[in-house]
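# Structure assessment
The residues making up each chain are set out below.
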Amino acid sequence: MNRSLSAVLLSIFVAACGGGDKPPQSPTQAATPDPDLGAEGPSKGKPTGQSGGSAAPAGDDYARGSAAFKAGDFPTAKTAFEAAVKKNPKQADAHYALGLVLDKTGDRAGAEKSYKDALAIQPDMQEAAENLTALYVESQRYDDAIATAKKALDKNAKNAPLTLNYAVALGGKGDQAASQKAFDDAVKLEPNNALFYITYAQQLATWKKRDEALEKLKKAQSVAGEDPALLGSIGFEMRTLRAVPECIAAFDKAIGIKDNADFRTNRALCKHAAKDKAGALADLTTATTKEPEFAPAHYWLGWTQHEDGKFAEAVTAYEKYLKLAPKGPLAKAAEAKLALAKDKKKSPPPAKK
């Protein structure tokens, strides 16, 4: 499971449309526990004690925790992994697995301790290093992320996710030259990973290197295949770069594979930027019809209608948005626009003579 790119980036597309926060530049996270483990113990990593000898397996507790984690039953998984750690405090995998559960449930302090415990027992556990650097980057603890990544990369310089985490941390720290080199190293290690190029593009955009960012997004699209989530993420990033034709093309492909309101809303804004108001209106109308509970599409439909002087229709759309998302990211804007549309609706402009 790669947290930064697959779990965060791919779960959010509408961002500036009002559906969530902009997909952040964030690091990758290593795999979840193997759900099929038996009494033999974990398969990820080599459980060793401080002396380097084999540690006793965590046994049924670890297997039970892995099964619960896979099923999404995190309280049971936490209890099981805690029991595994208690029975064998020198088994790195059990600490790592407990860290995953705590990370997943928002206990970052607990996750940090568990990942560090795993690394103290098994310094070459790359999965724990990946997740620890991910946690540090997401908390903007860039110095800690850089130090952890450097230490782990000394043991395995070809770890692509960790190299990416290192690049993001360096970027967050403001070391542009070192960050760009690390990004280049990361994409060389995984040249067919679209997520790596998307993250690289996000960082280039923060450095105001628009053309380079767009090239990375084009590369991402070339290796994304038929994955609509990846194509949607690429389209969103192209929209933030104001790369209008490229944005429309990316969402055209994504919608051809999986048509949804999220993609249509984003494409509508790109079409509007291309002066294709009819196309934008068609996308937003389809989005609100097919998925009437998708709030951002209603706001942007109202905004488009408002701009065209269709104030009664705009009022309906704004009200629908506020009903669905009264505390949504566009709520204040919708309230202001609604008041204006109502006023315009009451006082239409005089007819032309």
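Worth saying up front: this structure is predicted, and the values here are computed from it rather than measured. (Residues numbered from 1 in each chain as written. Predicted model: local features only at pLDDT ≥ 70, side-chain atom pairs only at ≥ 80, totals over all residues. Heavy atoms only, no water.)

Another point: the overall build of the chain. Each helix and strand in the chain was counted, giving 18 helices and zero strands. A burial count over the chain gives 52% of its 353 residues as buried. In the chain, the proportion of contacts linking residues at least 24 apart, taken out of those at least 6 apart, comes to 57%. Accessible surface, the chain: about 16100 Å² in total, of which carbon and sulfur atoms supply 52%. (Helix = DSSP H or I, 4+ residues; strand = E, 2+ residues; numbered from the N terminus. Buried < 20%, exposed > 50% of the residue type's maximum accessible area, 1.4 Å probe, protein only. Contact = heavy atoms within 4.5 Å. Areas by Shrake-Rupley, 256 points an atom, 1.4 Å probe, with all protein chains shown as cover.)

Take the packing of helix H14 (residues 261–273) against helix H16 (residues 295–307) next. One way to put it is that H14 packs onto H16 with a least axis distance of 10 Å and a crossing angle of 25 degrees. With respect to H16, the element H14 is oriented roughly parallel. Like other packed secondary-structure pairs, H14 and H16 cross with a definite hand, here left-handed. Where H14 abuts H16, its residues Thr265, Leu269 and His272 lie against Ala297, Trp300, Trp303 and Glu307. Residue classes in the contact of H14 with H16 are distributed as four nonpolar, two polar and one charged. (Axes fitted to C-alpha atoms, helices over the stretch in contact; angles between N-to-C directions. Parallel < 35°, antiparallel > 145°, perpendicular 65-115°, else oblique. Left-handed = near helix turned anticlockwise from the far one by under 90°. Nonpolar A, V, L, I, M, F, W, Y, C, P; charged D, E, K, R; others polar.)

Taken residue by residue, the chain gives an average pLDDT of 85. The fraction at 70 or more is 81%. Below pLDDT 50 for its whole length, residues 1–26 participates in 96 contacts with residues either more than four positions away or in separate chains. With pLDDT under 50 throughout, residues 31–58 is counted as low confidence; its partners more than four residues away or in other chains account for 64 contacts. (pLDDT = per-residue confidence, 0-100.)

It is worth spelling out the pattern of salt bridges at this point. In the structure shown here, the tally under the stated rule is 22 salt bridges. Here Asp61 ties to Lys87 by a salt bridge, and the two come within 2.6 Å at their closest N and O atoms. Of this pair, Asp61 sits in helix H2 (residues 60–71) while Lys87 is found in helix H3 (residues 74–87), placing the two residues 26 residues apart along the sequence. The exposure class of Asp61 is buried, given its relative accessible area of 8%. One salt-bridge network, held together by shared partners, links Asp252, Asp259, Arg264, Arg267, Lys271, Asp283 and Lys290. (Salt bridge = Lys/Arg side-chain N within 4 Å of Asp/Glu carboxyl O.)

Glancing now at the packing of aromatic side chains. If you walk through the whole model with that rule in mind, you get nine aromatic pairs. The interplanar angle of 90 degrees and the centroid separation of 4.9 Å between the aromatic rings of Tyr299 and Trp300 together place this pair among those described as edge-to-face. Both residues of the pair, Tyr299 and Trp300, belong to the buried class. Judged by centre distance (5.9 Å) and plane angle (45 degrees), the ring pair of Tyr299 and Tyr318 falls under tilted. In this pair, Tyr299 sits in helix H16 while Tyr318 sits in helix H17 (residues 311–324), placing the two residues 19 residues apart along the sequence. In this structure, Tyr299 and Tyr318 share a single accessibility class: buried. Aromatic rings pair up to connect Tyr299, Trp300, Trp303, Tyr318 and Tyr321 into one cluster. For the cation-ring pair, Lys216 lies above Tyr200, with the distance from its terminal atom to the ring centre recorded as 4.9 Å. (Phe/Tyr/Trp six-rings, centres within 6.5 Å; stacked < 30°, edge-to-face > 60°. Lys NZ or Arg CZ within 6 Å of the ring centre and 35° of its normal.)

Attention now moves to the state of the cysteines. Counted under the stated rule, the structure contains one disulfide. Between the sulfur of Cys247 and that of Cys270 lies a disulfide, 1.8 Å long from S to S. On the sign convention where negative means left-handed, the S-S torsion of about 70 degrees between Cys247 and Cys270 marks this disulfide as right-handed. A residue pair is termed long-range when its members are at least 10 positions apart, and Cys247 in helix H13 (residues 244–257) and Cys270 in helix H14 qualify at 23 residues. Take Cys247 and Cys270: they sit in the same class, and that class is buried. (Disulfide = S-S within 2.5 Å.)

Relative to the elements of secondary structure, Ala63 occurs in helix H2. With relative accessibility at 15%, the residue Ala63 sits in the buried group. C-alpha of Ala63 to C-alpha of Ala84: the two residues are 21 residues apart in sequence and 9.5 Å apart in space.

For helix H12 (residues 228–240), built from 13 residues, the straight-helix expectation of 18 Å at 1.5 Å per residue is met to within 8% by its first-to-last C-alpha distance of 18 Å. Of all the 13 residues making up H12, 11 are buried; the element is thus mostly covered by neighbouring parts of the structure. Taken together, the buried positions of H12 are Pro228, Leu230, Leu231, Gly232, Ser233, Ile234, Gly235, Phe236, Glu237, Met238 and Arg239. Its side-chain oxygen placed 2.9 Å from the backbone nitrogen of Ala229, Asp227 serves as the N-cap of H12. (Expected span 1.5 Å × (residues − 1). Polar contact = N/O pair within 3.5 Å; in protein donor to acceptor, adjacent residues only side chain to side chain.)

Now for helix H5 (residues 108–121). For H5, spanning 14 residues, the distance from its first C-alpha to its last is 20 Å, which sits close to the expected 20 Å at 1.5 Å a residue. Burial in H5 covers these residues: Gly110, Ala111, Glu112, Ser114, Tyr115, Ala118, Leu119 and Ile121. Against the buried residues of H5 lie helix H4 (92–104) and helix H6 (126–138).

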